[in-house]
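# Fold and geometry: a report
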Amino acid sequence: PDFVLDNGIIIEVKGWFKQSDRVKHLRIKKQHPNLDIRFVFQSANNKIRKGSKTTYAQWCKKNDIKWCEKIIPDEWLKEKK
């Protein structure tokens, strides 16, 4: 992970969200459902690949993964373990 918050939330910061990263994170989520991994995107409206209609944000929503753009929300920092 890029870093772990004091409350145990794991943060992955992504500028470019490659297919190999998307596959890897779906596998991690399946194998370790107890981990709370969230993404911070430089631009959540980027498309997952050229010609796709799906954005990084839409991909996360579809896969039930929390995400934000550029700045970690205060709510994430204040969440209890």
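Above this text you will find the structure in question.
Structural notes, computed from the coordinates. (Residues numbered from 1 in each chain as written. Predicted model: local features only at pLDDT ≥ 70, side-chain atom pairs only at ≥ 80, totals over all residues. Heavy atoms only, no water.)

## Some words on the sheet that holds strand S4 (residues 67-69)
- An order of S1-S2-S3-S4 is seen for the four strands of this open sheet, with the pairing classed as mixed. Looking at which strands have only one partner, the edges of the open sheet turn out to be strand S1 (3-4) and S4.
- As paired strands, strand S2 (residues 10-14) and strand S3 (residues 37-41) are joined by five bridges and run parallel to one another. Looking across to S3, one finds that Val13 is bridged to Val40. (Pairing = 2+ DSSP bridges. Helix = DSSP H or I, 4+ residues; strand = E, 2+ residues; numbered from the N terminus.)

## Points about the pairing of S3
- Summarising burial for S3: five of the five residues are buried, a large majority.
- Judged by which residues are buried, S3 turns out to be covered on both faces: Ile37, Phe39 and Phe41 on one side and Arg38 and Val40 on the other are all buried.
- Following the backbone out of S2, through helix H1 (residues 19-31) and into the adjacent parallel S3, one traces a crossover that is right-handed.
- Judged from the three bridges that link them, S3 and S4 form a sheet pairing that is parallel. Note that in S4 the partner of Val40 across the bridge is Cys68.
- Once you follow S3 into helix H2 (residues 56-62) and on to S4, the crossover reads as right-handed. (Buried < 20%, exposed > 50% of the residue type's maximum accessible area, 1.4 Å probe, protein only. Right-handed = clockwise from strand over helix to strand, strands pointing away.)

## What about the packing of aromatic side chains?
- Under the criterion given, the structure shown has six aromatic pairs.
- Geometrically, the ring pair formed by Phe17 and Tyr56 is edge-to-face, given 5.6 Å between the ring centres and 85 degrees between the ring planes. Of this pair, Phe17 sits in the loop between S2 and H1 while Tyr56 sits in helix H2, and the two are 39 residues apart along the sequence. The residues Phe17 and Tyr56 share a single accessibility class, namely buried.
- For the ring pair Phe39 and Phe41, a centre distance of 5.6 Å and an interplane angle of 10 degrees mean the geometry is stacked.
- Under the relative-accessibility criterion, Phe39 is labelled buried at 0%.
- The exposure class of Phe41 is buried, given its relative accessible area of 0%.
- Among the aromatic residues, those joined into a cluster by ring pairs are Phe17, Phe39, Phe41, Tyr56 and Trp59. (Phe/Tyr/Trp six-rings, centres within 6.5 Å; stacked < 30°, edge-to-face > 60°.)

## As for the pattern of salt bridges
- Tallied over the full model, the rule gives five salt bridges.
- Of the charged contacts in the structure, one is a salt bridge between Lys14 and Glu12, with a shortest N-O distance of 3.8 Å. Across the pair, exposure class does not vary: Lys14 and Glu12 are buried alike.
- We note a salt bridge from Glu79 to Arg38, for which the minimum N-O separation is 2.8 Å. Of this pair, Glu79 sits in the segment after helix H3 (74-78) while Arg38 sits in strand S3, and the two are 41 residues apart along the sequence.
- Here the salt bridges do not stand alone but share partners, grouping Glu12, Lys14, Asp21 and Lys24 into one network. (Salt bridge = Lys/Arg side-chain N within 4 Å of Asp/Glu carboxyl O.)

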